Every structure is written in C-alpha cells, then in structure tokens.
Amino acid sequence: MQPSNSRREFLILGGAAAVAGAGAAAGAEPPAPAGGFADYSRWKPTYGGPPTADHYLGKLVPGLRAGGLPPVPVETPDLPKLPFKVVNGVKEFELRCTPVKREFLPGYPMTAWGYNGTMPGPLVEATQGDRVRFVVHNELPEPTSVHWHGLELPVAMDGVPGLTQDLIMPGKSFTYEFDLHQAGTFFYHSHIAMQEAFGMVGGFIIHPKVAYDPPVDRDFLLTFQNFHIAPNQTIPDSMAMDWNWHTINGRSGPFTTPLVVKHGERVRVRLINFSPMQHHPIHLHGHTFWLTGHEGARIPPSAWVPRNNTIVGVAQATDFEFVANNPGDWIFHCHMVHHMMNHMVKQVGPRIRDDSDVADYQSQLATRPRVRPDLNTDPGFRTPGYPQKMQSMDMSPEMMKRVMMRREVRGMRKGWHMAVHGLMTVLRVLPPELYDLVMHGDKDVKPGEVFDRIVKGEYATDYQKG
Ligand SMILES: [Cu+2]
C-alpha cells in the first residue's frame with residue numbers, strides 16, 4: 001500500500017476527522033481523548049490518540065520521503081560496508097576472517113577477531129530476491145566457519161562445522177552461495193562459541209525491493225557487545241562471565257558516533273545484541289518508538305508495540321521506528337547499570353595483593369614499593385577508577401580531541417561526554433538549519449551552540465509544513 005497525499009495529510013493533521021476515520025476502519029468509533037490529545041504532529045511531541053488511531057504516537061505517520069521507492073541504505077556508524085561485485089547475476093562478496101585491532105576508545109586498542117580488518121565485521125546489504133555468494137578466506141590461526149543467522153537456506157550453506165560442513169582451516173577458503181527470499185535484520189557470525197565472544201559477527205540486512213509503508217527517511221544498524229578485558233590487557237577474555245567493556249558498533253561511549261537526524265524524519269533503528277551472555281534493555285529518551293520487526297522479520301502493524309525501552313536478548317535482532325518530532329540531543333543507551341560504565345573493575349591496590357589487607361598495607365606504606373603507572377605508557381596499564389569520573393579513559397587533550405572533533409558531535413553541550421559511557425550513544429534530532437550547520441557546514445560551531453539554540457527555539461521554523 002502506498003501512502004497517498006490525502007492519507008499523508010490525514011495522518012499529519014490528525015484531529016477529530018482523523019479519529020473518526022480510524023475508528024470507522026476498526027469497526028467502532030473510539031472516543032477522542034479529552035483535552036485535544038487526538039492531534040499528532042511530526043514537529044512536536046504529541047499523543048495522537050486514541051490508541052486505535054493510525055497516527056497514535058506517530059505509529060503509521062510516513063517519513064518525509066515519498067512512498068513506493070526502494071529502501072534507503074542502512075547507516076552503520078563507525079563501521080564500513082562490505083563491497084560486492086556482480087558475477088553472472090550473483091552478488092559476490094569477499095569475506096576475510098582476520099585478527100583485528102579495534103580502538104574502542106581513543107588510545108585503547110582491543111585485540112579481537114573479526115572480518116576484513118574490522119570488529120564487528122562490515123555490513124552486508126542485499127535485496128530480497130538476490131542470489132549471493134560469499135568467498136570466505138580464513139586468515140586466523142585456527143579453523144572457523146561462517147553461519148548466516150536467521151536465513152532459510154540450503155543446509156550445506158548453514159556454516160555449522162561438523163554438522164553441515166568441514167572446518168575452514170587456517171589459510172583455506174570456502175564459498176557459500178544461496179538465494180535470499182527473506183527481508184529483515186540478520187547477521188553472520190562464526191559458529192565457534194569462543195570466536196563469537198571474540199567479536200566475530202557482522203550485520204546482514206536484506207531489504208525488500210520497495211520500502212515498507214510507511215516509508216522511513218533514515219535507517220540505522222547498531223550492534224551491541226560486551227567484553228572482559230582485564231587491566232594490563234588488550235585481549236578479551238572469552239571465558240569470562242562478567243564484562244567490563246561495552247561496545248556499540250565496536251566503540252564505547254563517548255567514542256560512539258551519534259545518530260544525527262533531521263527534525264520530522266521517520267527513523268528506523270535496528271538493534272543486534274551479540275554479547276556473549278547478557279541482554280540489553282535499550283532505552284531512547286524523548287520519544288516513543290514502535291517495535292516493527294523482530295528476529296529478522298517484519299511484524300504486521302496490528303501487532304506493533306509502543307515502547308521507550310526494549311529488551312534485546314543475546315543473538316536477537318529488533319527493529320523499531322519513530323518520528324523524530326522532539327528536537328535535541330537524546331541519550332540512547334542500554335539500561336543495565338553495569339553496561340552504562342566503562343572499565344568496571346576493582347581498583348588496583350592492596351586488595352589484589354594476597355599477603356596483605358588494606359589496614360595492614362596502609363600501616364606499612366613506607367616498606368611497600370609505590371605503584372608507578374607513569375613508568376608504562378601503555379593505556380592498558382593505567383589505574384582504573386570509578387567510571388563516571390572517566391578515569392578509565394585517556395582524557396589527554398590529544399585523545400579528547402578525537403572525541404570532540406567529529407562532525408557529528410558539533411555544538412553539543414559542553415561536557416556532554418561525561419554522560420556517555422559504555423553502551424551509550426546519542427540521538428540528535430536537529431532542525432534542518434542546525435542539521436546543515438553540524439553535518440555540512442564549514443563554520444566553527446562552539447560547544448553548546450546547537451543545543452542552546454534548540455532549547456531557546458532560535459532557529460527558522462518555516463520547514464514545518466505538511
Ligand atoms: Cu546492556
């Protein structure tokens with residue numbers, strides 16, 4: 001179904017006429033909420049009820065993009081896409097299983113495994129109806145295989161070593177080839193557990209040929225992971241049962257790159273949880289979103305659920321959509337408290353010395369050699385501290401520059417980075433004038449400039465039509 005202009009107006013204008021229309025479609029006329037709450041606007045937070053209305057909390061309000069077009073490409077902040085070439089009508093991808101040095105915070109390298117030099121691996125984007133071929137080269141020091149998570153494919157292509165194929169030995173290659181009849185959010189990963197915990201995963205989006213109705217303007221993919229990396233280490237401990245470093249698309253807050261959208265756009269976010277063993281209740285501030293897909297499949301609109309926090313279990317994928325009708329910088333984060341901090345480990349000190357307790361240690365300070373972290377410049381050797389104080393992150397001017405100099409954070413409130421740790425990122429909803437200033441302008445943007453202008457309403461509003 002394509003949205004007509006009249007339907008678009010119907011959805012945007014809301015009001016009593018729209019409520020009557022929605023009620024008639026449902027076979028009963030629900031009462032309009034008292035106090036004018038039946039109106040929905042893509043330009044400001046509004047209710048748009050009753051709950052049976054099409055425009056209730058923005059449910060079926062289309063984006064600014066016309067309907068009936070191919071879907072918008074998926075954006076994966078901080079990650080590349082996997083290129084392909086078409087060979088005799090088959091989309092052919094080359095996937096290398098490789099060790100990866102991933103800088104999850106400025107100055108903090110993680111030595112993990114991934115694909116084509118990145119962790120998570122590059123995004124595979126394909127279209128329903130494609131035939132795809134993956135030539136997989138194993139450049140790891142141990143055998144591996146690649147599983148295509150959620151795909152209904154011939155069993156010999158399923159990538160489970162032993163059960164469906166032989167292991168791909170180090171230095172060897174294996175070719176997977178299959179047709180795609182599904183559409184949704186999937187992923188590929190090693191089917192060897194410890195390699196999964198080591199980061200061997202990548203997103204695999206299959207688009208429908210024509211964008212779903214209502215069309216979205218923006219489409220993002222975020223992959224959440226947990227790692228345990230002990231102090232003095234850069235290698236994750238894949239046998240750990242608790243986690244101290246948390247990444248979204250391979251980076252920890254505040255190094256995660258914000259999702260920057262225009263005020264009024266309809267936005268889809270796809271979440272993949274590829275943590276070893278913990279779920280993530282993912283919370284978005286300032287908006288209510290609709291769960292539109294789960295486990296790689298689109299949910300019919302009659303079963304969509306409005307939420308502001310949704311749990312994504314291990315190896316699950318969830319899609320949600322919302323109208324970005326509330327300008328500002330909104331924190332977007334996992335709500336597990338241990339996932340909202342970086343480097344959550346015990347303080348280095350007397351408690352880790354097996355021949356001493358704290359009182360004993362303090363009574364004999366003169367006889368103990370001092371800890372001299374300054375003698376080792378490897379950031380992994382720095383003494384971790386309570387995460388909110390950001391002592392866990394190198395905050396030298398050189399490193400902070402790398403957090404602050406990204407285009408996507410321009411004009412955010414001074415000190416914003418102190419609120420963004422671990423499994424956190426930021427959704428920035430910007431009026432077009434400020435969006436252009438941040439994303440396209442060459443002008444210097446002062447810290448807080450964009451945020452202050454939004455708070456004070458100091459921007460042109462003539463775009464707010466339709
Ligand atoms: Cu979490």
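Residues numbered from 1 in each chain as written. Predicted model: local features only at pLDDT ≥ 70, side-chain atom pairs only at ≥ 80, totals over all residues. Heavy atoms only, no water.

Chemist: Whenever I open this one, the overall build of the protein chain confuses me. Can you help?
Modeler: The helix and strand inventory of the protein chain stands at seven helices and 21 strands. Once local pairs closer than 6 in sequence are excluded, the contacts in the protein chain between residues at least 24 apart make up 74%. Of the roughly 20,400 Å² that the protein chain leaves accessible, carbon and sulfur atoms contribute 57%. (Helix = DSSP H or I, 4+ residues; strand = E, 2+ residues; numbered from the N terminus. Contact = heavy atoms within 4.5 Å. Areas by Shrake-Rupley, 256 points an atom, 1.4 Å probe, with all protein chains shown as cover.)

Chemist: Explanation requested: the coordination of the copper ion in the structure shown.
Modeler: When a metal holds four donors in a tetrahedron, each ideal angle between them is 109.5 degrees; when it holds six in an octahedron, the ideal angles are 90 or 180 degrees. Coordination of the copper ion by the protein is provided by His280 (ND1), Cys334 (SG) and His339 (ND1), with metal-donor distances spanning 1.9 to 2.0 Å. Of note, the donors binding the copper ion are all from one chain and are spaced H-x53-C-x4-H. Here Cys334 and His339 have matching classes, each one buried. (Donors = N, O, S within 2.8 Å, 3.2 Å for Na, K, Ca; no water. Buried < 20%, exposed > 50% of the residue type's maximum accessible area, 1.4 Å probe, protein only.)

Chemist: Explain the side chain of His149 here, please?
Modeler: In this fold, His149 is placed in strand β6 (residues 146-149). Residue classification places His149 among the buried positions, given a relative accessible area of 18%. Within the local environment of His149, its side chain forms a polar contact with the side chain of His189, the two groups lying 3.2 Å apart. (Polar contact = N/O pair within 3.5 Å; in protein donor to acceptor, adjacent residues only side chain to side chain.)

Chemist: Please clarify how the confidence of the model for the protein chain should be interpreted in this entry.
Modeler: Regions with low pLDDT should not have their predicted coordinates read in detail. Across the protein chain, the average pLDDT comes to 88, with 84% of residues at or above 70. Scored below 50 in pLDDT, residues 385-390 shows 19 contacts in the model against residues more than four places distant or in partner chains. (pLDDT = per-residue confidence, 0-100.)

Chemist: How should helix α5 (residues 397-404) be read in this particular structure?
Modeler: Of all the residues in α5, the buried ones are Met399, Met400 and Val403. For α5, the angular spread of the buried residues around the axis is 95°, confining them to a single face. For α5, the exposed residues lying more than 90 degrees away from the buried face are Pro397, Glu398 and Lys401. (Arc of directions from axis to C-beta.)

Chemist: Got a minute to help me understand the nonpolar core in this structure?
Modeler: Inside soluble globular proteins, nonpolar side chains tend to come together where they are buried. Phe134, Trp148, Leu151, Tyr176, Phe178 and Phe204 are the most contacted members of the largest nonpolar core, which totals 27 residues. Of all the secondary-structure elements, those providing two or more residues to this core are β2 (90-105), β3 (108-115), β4 (121-127), β5 (131-138), β6, β7 (173-179), β8 (184-190) and β9 (201-207). Aside from chain neighbours lying at most four places away, what touches Phe178 is Asp130, Arg131, Val132, Phe134, Trp148, Leu151, Leu153, Pro154, Met157 and Phe204. Within the second largest apolar cluster, 22 residues are counted, among which are Val269, Phe289, Leu291 and Leu427. (Core = buried A, V, L, I, M, F, W, Y, C linked by side-chain atoms within 4.5 Å.)

Chemist: What should I look at first to understand the packing of helix α6 (residues 432-439) against helix α7 (residues 449-456) in this one?
Modeler: A pair of packed helices is characterised by two quantities: the angle between their axes and the separation of those axes. Packing of α6 against α7 leaves a shortest axis separation of 11 Å and a crossing angle of 175°. In terms of axis orientation, α6 runs roughly antiparallel to α7. Two secondary-structure elements touch here, α6 through Glu433, Leu434, Leu437 and Val438 and α7 through Glu449, Val450, Arg453 and Ile454. When the residues that make up the contact of α6 with α7 are grouped by side-chain class, the tally is five nonpolar, no polar and three charged. (Axes fitted to C-alpha atoms, helices over the stretch in contact; angles between N-to-C directions. Parallel < 35°, antiparallel > 145°, perpendicular 65-115°, else oblique. Nonpolar A, V, L, I, M, F, W, Y, C, P; charged D, E, K, R; others polar.)

Chemist: It is not clear to me how the environment of Phe104 should be interpreted in this structure. Could you clarify?
Modeler: By the element assignment, Phe104 lies in strand β2. Among the residues examined, Phe104 registers a relative accessible area of 2% and is labelled buried. Along the sequence, Phe104 and Gly422 sit 318 residues apart, while their C-alpha atoms lie 9.9 Å from each other. Leaving out residues up to four positions away in the same chain, Phe104 has contacts with Pro109, Met110, Ile229, Trp245, Thr247, Gly250, Arg251, Ser252 and Phe255.

Chemist: Sorry if this is basic, but what is going on with the pairing of β3 here?
Modeler: Look at any regular strand and the pattern is simple: side chains alternate between the two faces of the sheet. The buried count for β3 comes to six of eight residues, which makes it a mostly enclosed element. Hairpin connection from β2 to β3: two residues lie between these consecutive antiparallel strands, with Gly107 at a positive phi of about 85°. (Pairing = 2+ DSSP bridges.)

Chemist: What should I look at first to understand the sheet that holds β9 in this one?
Modeler: Think of a sheet as strands paired side by side through backbone hydrogen bonds, with each pair either parallel or antiparallel. Read across the open sheet, the four strands follow the order β4-β9-β8-β6; overall the sheet is mixed. Strands at the two margins of the open sheet, each flanked by one partner only, are β4 and β6. For this sheet, the mean angle separating the axes of adjacent strands, direction not counted, is 20°. In this structure, β8 lies alongside β9, joined through six bridges in antiparallel fashion. Residue pairing for β9: His189 is matched across the bridge by Val201.

Chemist: Would you take a moment to explain the sheet that holds strand β21 (residues 424-430) for this structure?
Modeler: Pairing in this open sheet of five strands is mixed, and the strands run β12-β21-β20-β14-β18 from one edge to the other. The open sheet has two edge strands with one neighbour each: β12 (259-262) and β18 (309-312). In this sheet, neighbouring strand axes are inclined to one another by 20° on average, regardless of whether the strands run parallel or antiparallel. Sheet topology places strand β14 (residues 280-284) next to strand β20 (residues 328-334); three bridges connect them, and they run antiparallel.

Chemist: Got a minute to help me understand the pattern of salt bridges in this structure?
Modeler: Here the idea is simple: oppositely charged side chains can pair when their charged atoms come close. Taken as a whole and assessed by the stated rule, the structure comprises 19 salt bridges. Arg268 is the partner of Asp219 in a salt bridge, and the nearest nitrogen-oxygen pair spans 2.8 Å. Here Asp219, found in strand β10 (residues 218-227), pairs with Arg268, found in strand β13 (residues 266-273); they are 49 residues apart in sequence, far enough to count as distant. Asp219 gets classed as buried once you look at its relative accessible area, which sits at 0%. (Salt bridge = Lys/Arg side-chain N within 4 Å of Asp/Glu carboxyl O.)

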